[in-house]
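# Structural description and commentary
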Amino acid sequence: MAIALSPALASERMFASRTNWRLDPNRFARAVEEHRRRGRPLLDLTNSNPTSCGFHYPAERLFAAMSNRRALQYEPESKGLLSARQAIADYYCGRPGFFCGEAPVDPERIVITSSTSEAYHYVFRLLCEVGDEILVPAPSYPLFEYLADLADVRLAPYPLLYDQGWHVDFAGLKAALTTRSKAVVVVHPNNPTGSFVKTEEAQKLAEICASHELATIADEVFLDYADEAHPQATFAFRPSVLTFTLSGLSKICLLPQLKVGWIVVSGPERLANTAVNRLEVIGDTYLSPSTPTQLALPEMMNLRAPLQTQMCQRLSSNLRFLDDVFRKGGVVTRLKREGGWYAVLQVPATRSDEDLAIAILESHDVLVHPGHFFDFPRDGFLIVSLIVGETEFQNGVRGLQSFFSAS
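Within each chain, residues carry numbers counting from 1 in the order of the written sequence. In keeping with the predicted nature of the model, local features appear solely for residues at pLDDT of at least 70, side-chain atom pairs appear and are counted solely at 80 or more, and the whole-chain, interface and lining totals rest on all residues. With hydrogens and water excluded, all non-hydrogen atoms of the structure serve as input to the side-chain values.

This brings us to the overall build of the chain. Counting from the N terminus, the helices are the DSSP runs of H or I reaching at least four residues and the strands are the DSSP runs of E reaching at least two. A tally of regular secondary structure across the chain gives 14 helices and 14 strands. Only C-alpha atoms enter the radius of gyration; for comparison, a globular chain is expected to reach 2.2 Å times N to the power 0.38, where N is the number of residues. Its C-alpha atoms give the chain a radius of gyration of 22 Å, within 12% of the compact-globule value 22 Å for 407 residues. Each residue is assigned to one of three classes by its accessible area relative to the maximum for its type, calculated with a 1.4 Å probe on protein chains only: buried under 20%, partly exposed between the two thresholds, exposed over 50%. For the chain, with 407 residues in total, the buried portion stands at 53%. For this analysis, residues touch if any pair of their heavy atoms sits within 4.5 Å. Taking the intrachain contacts of the chain between residues at least 6 apart in sequence as the baseline, contacts between residues at least 24 apart amount to 76%. The positive charge centre, built from 39 side chains, and the negative charge centre, built from 46, are 2 Å apart in the chain. The positive count covers Lys and Arg only, the negative count covers Asp and Glu only, and His and the chain ends enter neither. Throughout, a charge is located at the NZ atom of Lys, the CZ atom of Arg, the CG atom of Asp or the CD atom of Glu.

Following this line, the structure appears as structure tokens:
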């Protein structure tokens, strides 16, 4: 006799468990939606989309670069067009490495993807069997959970600790290792803490990875945005441990809509060659980067300097204003950072970060990220974007000051 399933049960059986995410909006998301529905003014200090923050783009040169007639001819390359890979390799020229100083990046060790998120997916699928584990820093990107679910891997957080600056907790990292561990992710600089991996930390991480046969995945999308004037070291020249260095145009050129990311493979010759060969097959399976954007990539990279100058001026101006407001005393402390696009504010943990962010929104029309969004281990943290237009940023910060002064 046939057994009839309830519609709800039949629906659950239809879909894979890896996509069984909680999709209903949380209280914070509902509060933001209601705020907008009511037509209330909004000072959005969470905006991280550079194309909506008032930067000036060289439109004619960008359009000209995207109008290359060679785009009419489809010439698929599993690792990406050589001209684009050479432009990426040139980007690393003159940069210091952690262990070997400046060294050339071989274009044949580069694989182009349609985004840094896709680059993560390629590397996770390359390294991991179902149920294997990837160590990720906490606090850090909320995106990691979804990337791991889609690749059928588990995340094992390791702590970043704050003591006059952020540091890797190596005792916590070692405690997170298991027999299923396959790689350690570093975000350099971290999002949202803005902390770079220090030379001694990179050395210790290399020793741990070598002794446990782990790869390193280095996310360097914010590498160009250091508070100090001198360039930061990259993981792309790393000779001793299999390393995948990820970046893309989204942050380097302030062009997230072009959807170009990449993987630079470095490490011991045999392992690196095997990794590149296998990534090439993955790339050939999807062929996701578009020909027009790859043809335009060399010109995009040529245009990055004036765009990054605008961004660095914005970051500096907004950070200076933030510090001027809150260094006058009070209950809000801006935690030390070294780069990136965000600032972390430590505030009294009198309620959950979500409740606090909702209260700020409802009383002062200011939108900030609660710390738990970035996997902070406890309440008492708010995150603000430093790339917001200066007038909106200043008005939003004044709103925060007013809120905490009245609390």
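After that view of the structure, there is still more to cover.
In this structure, proline 139 follows alanine 138 across a cis peptide bond, with omega equal to 10°. Position of proline 139 among the secondary structure elements: in the loop between strand S3 (133-138) and helix H6 (144-150). Put simply, histidine 188 and proline 189 share a cis peptide bond, and its omega is 5°. Within the fold, proline 189 resides in the loop between strand S6 (181-187) and helix H8 (199-212). Positive phi, normally seen in glycine, also occurs at glutamine 164, with a value near 55°. Looking at where glutamine 164 falls in the secondary structure, it is placed in the loop between strand S4 (154-162) and strand S5 (166-168). Taking the relative accessible area as the measure of exposure, glutamine 164 reaches 65% and is therefore exposed.

Attention now moves to the environment of alanine 218. The topology assignment puts alanine 218 in strand S7 (residues 215-219). Linking alanine 218 and valine 186, residues 32 residues apart in sequence, is a C-alpha distance of 4.9 Å. Not counting residues up to four positions away in its chain, the partners in contact with alanine 218 are Val186, Phe235, Phe244, Thr245 and Leu246.

It is worth spelling out the packing of aromatic side chains at this point. Think of it this way: a Phe, Tyr or Trp ring, Trp meaning its six-membered ring, pairs with another when their centres are within 6.5 Å, and the plane angle makes it stacked under 30 degrees, edge-to-face over 60, tilted otherwise. For the structure shown, the criterion picks out 16 aromatic pairs. The interplanar angle of 80° and the centroid separation of 4.9 Å between the aromatic rings of tyrosine 91 and tyrosine 92 together place this pair among those described as edge-to-face. Both residues of the pair, tyrosine 91 and tyrosine 92, count as buried. These aromatic residues form a ring-pair network of at least three members: Tyr120, Phe124, Tyr141 and Phe144. Should the NZ of a Lys or the CZ of an Arg lie within 6 Å of a ring centre and within 35 degrees of the ring normal, that charge is described as sitting over the ring. Directly above the aromatic system of tyrosine 91 lies the positively charged group of arginine 95, at a separation of 4.2 Å from the ring centroid.

Once that is clear, we can look at the sheet that holds strand S10 (residues 333-334). The strands that make up a sheet pair up through hydrogen bonds in the backbone, lying either parallel or antiparallel. One open sheet holds the four strands; their spatial order is S10-S11-S14-S13, and the pairing between them is antiparallel. Edge positions in the sheet fall to S10 and strand S13 (369-370), since each has one partner strand and no second. The rule for pairing is simple: two strands pair if DSSP sees at least two bridges between them. Pairing geometry for strand S11 (residues 342-346) and strand S14 (residues 381-385), over five bridges, is antiparallel. Bridge pairing links valine 344 to isoleucine 383 in S14. In this analysis, axes come from line fits to C-alpha atoms, helices being fitted only over the stretch in contact, and the angle between any two N-to-C directions falls in the range 0 to 180 degrees. Against the sheet, helix H13 (residues 353-364) contacts S13 and S14, and its axis sits at roughly 50° relative to S14.

Quick look at the sheet that holds S5 now. With mixed pairing, eight strands are arranged side by side in an open sheet as S2-S9-S8-S7-S6-S3-S4-S5. Strand pairing shows two members of the sheet lacking a second neighbour, strand S2 (110-113) and S5, which therefore form its edges. The mean angle between the axes of side-by-side strands here comes to 25°, regardless of whether they run parallel or antiparallel. In this sheet, strand S8 (residues 243-248) lies alongside S7 in parallel orientation, the contact comprising four bridges. Each residue of the ladder has a partner; that of threonine 216, found in S8, is threonine 243. Contacting S2, S8 and strand S9 (261-266), helix H10 (residues 269-286) runs over the sheet at an angle of about 150° to S9.

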